[in-house]
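Listed here are the chains, written in short residue letters.
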Amino acid sequence: MANTYTLISSNTVGSGGTAQVDFNSIPQTYTDLLIKTSTNASSLTIIRIRFNSVSSNDYSQIVLRGTGAAVASFNNAGWDTLSAFSPSYNNDGANIFSNNEYYIPNYTSSNIKSISGDSVTEANATTAYTLLYAGLLNNSSAITSISLLPSTGNFAQYSTFYLYGISNS
Amino acid sequence: MPTKLIINCETGEQTEVELTAEEIAQREADAAKAEADRVAKEAADAAKAEAKAELLDRLGLTAEEAALLVS
C-alpha cells in the first residue's frame, strides 16, 4: 500500500501537438511509478512506451480489450516497444480523448521491469474501448527515462501526461 | 519537422526539440509496423467472423441462441 504519492511532473501538450513525450532523469528515490494520461492523437494510433530508450526486441505484453460488443485478447513477444493500445485506437474523433493509467512497480530494482495498466475511451457510442494491459521489458537496468509516443501522427493539443512517484515507506 | 517534449524530472525543465533523423526513421518504422499489425488484425477478425458464421449455420443457431447457450 502506498505511503506517499508524489507528483513528479505534469505536462499539457500545446498547439501543434507533439510527436513524443520523454520523462528523463527520473528520480530514483521512489518505490514505484505511476503514469496518468488523457490523450488524443492526430490520426488512428496507439501509445508506444519505451523504457530507457531501449528499442531492442525485449518487450512483451498481453492486452484484454472490450468494445461493448466483443472481447478480444492479444499476446505479443519480442517487440521493440510496448504498445499500450490507447488513444484514438478507433479514431473516435478530434474531441474524443482516452484516459490511461500505467503502473510500474520497483522501477529501480535490478529485476526485469513490468508495467500494468488500463485505458478507456471517452466515446459515448455503441462501440467504446476498454483495455487491460500487462507488459514486460526483459532488462534489469533501473528505469531512468520513459518515452511515450503515438504509433502514427502526434499527440494532440490538450493531451496531458502526469508522472507520479509512489513510496511504500 | 516533428518535435518531442522532453521533461527533466529532476529540474522540472520542459523543452521542445526537433526529432533526430534516427528518431524520425524509428517513428516511420513504428508507423509501418502499426499499419501492418492493423491489417493483420482485420484479416484475422474477418476470418474469425466467417468461421463463426459458418459454424452457426451448420448448427442451425442464431448468434443470440449461441450466446444464450454459453451464458
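So, a few notes on the structure that sits alongside this text. Treat the numbers as computed from the prediction; the structure is a model and nothing was measured. (Residues numbered from 1 in each chain as written. Chains lettered and ligands numbered in written order. Predicted model: local features only at pLDDT ≥ 70, side-chain atom pairs only at ≥ 80, totals over all residues. Heavy atoms only, no water.)

Digging into the overall build of chain B
Logical step 1: Looking only at helices and strands, chain B has two helices and two strands in total.
Logical step 2: Mapped from its N terminus to its C terminus, chain B presents α and β elements in the order β-β-α-α.
Logical step 3: Its C-alpha radius of gyration of 24 Å places chain B more than 25% over the 11 Å reference for a compact globule of 71 residues.
Logical step 4: Structurally, chain B occupies a C-alpha span of about 65 × 25 × 15 Å along its principal axes. (Helix = DSSP H or I, 4+ residues; strand = E, 2+ residues; numbered from the N terminus. Rg over C-alpha atoms; globule rule 2.2 N^0.38 Å.)

A look at the interface of chain B and chain A
Logical step 1: Taken together, the contact pairs 21 residues of chain B with 30 residues of chain A.
Logical step 2: When chain B packs against chain A, close to 2,000 Å² is buried across both sides, 49% of that on carbon and sulfur atoms.
Logical step 3: Of all residues in chain B, the largest losses of buried area upon contact with chain A belong to B:Ile7, B:Cys9 and B:Arg27, amounting jointly to 28% of the total for that side.
Logical step 4: Across the pair A:Asp22 and B:Lys4 runs a salt bridge whose closest N-O atoms are separated by 3.2 Å.
Logical step 5: In this assembly, chain B and chain A are joined by 13 residue pairs in polar contact (both at pLDDT 80 or more).
Logical step 6: Looking at the side of chain B that touches chain A, the elements that each hand over two or more residues are strand 1 (3-8), strand 2 (14-18) and helix 1 (21-59) of chain B.
Logical step 7: Ranked by the residues each element gives to the side of chain B that touches chain A, the list is headed by helix 1 of chain B, at nine residues.
Logical step 8: Residue composition of the side of chain B that touches chain A, by class: eight nonpolar, four polar and nine charged.
Logical step 9: Inspection of the sheet shows strand 2 (residues 20-24) of chain A paired to strand 1 of chain B by five bridges, in the parallel sense. Paired with A:Val21 across the two strands is B:Leu5, which belongs to strand 1 of chain B. (Contact = heavy atoms within 4.5 Å. Buried area = accessible area lost by both parts, 1.4 Å probe. Salt bridge = Lys/Arg side-chain N within 4 Å of Asp/Glu carboxyl O. Polar contact = N/O pair within 3.5 Å; in protein donor to acceptor, adjacent residues only side chain to side chain. Nonpolar A, V, L, I, M, F, W, Y, C, P; charged D, E, K, R; others polar. Pairing = 2+ DSSP bridges.)

Observations regarding the nonpolar core
Logical step 1: Formed by 34 residues in total, the largest nonpolar core has its most connected members in A:Phe23, A:Ile26, A:Ile49, A:Phe51, A:Ile104, A:Ile146 and A:Leu148.
Logical step 2: If we ignore the near neighbours within four places in the chain, the residues touching A:Phe51 are A:Tyr59, A:Leu82, A:Ile104, A:Lys113, A:Ile115, A:Leu137, A:Ile143, A:Ser145 and A:Ile146. (Core = buried A, V, L, I, M, F, W, Y, C linked by side-chain atoms within 4.5 Å. Buried < 20%, exposed > 50% of the residue type's maximum accessible area, 1.4 Å probe, protein only.)

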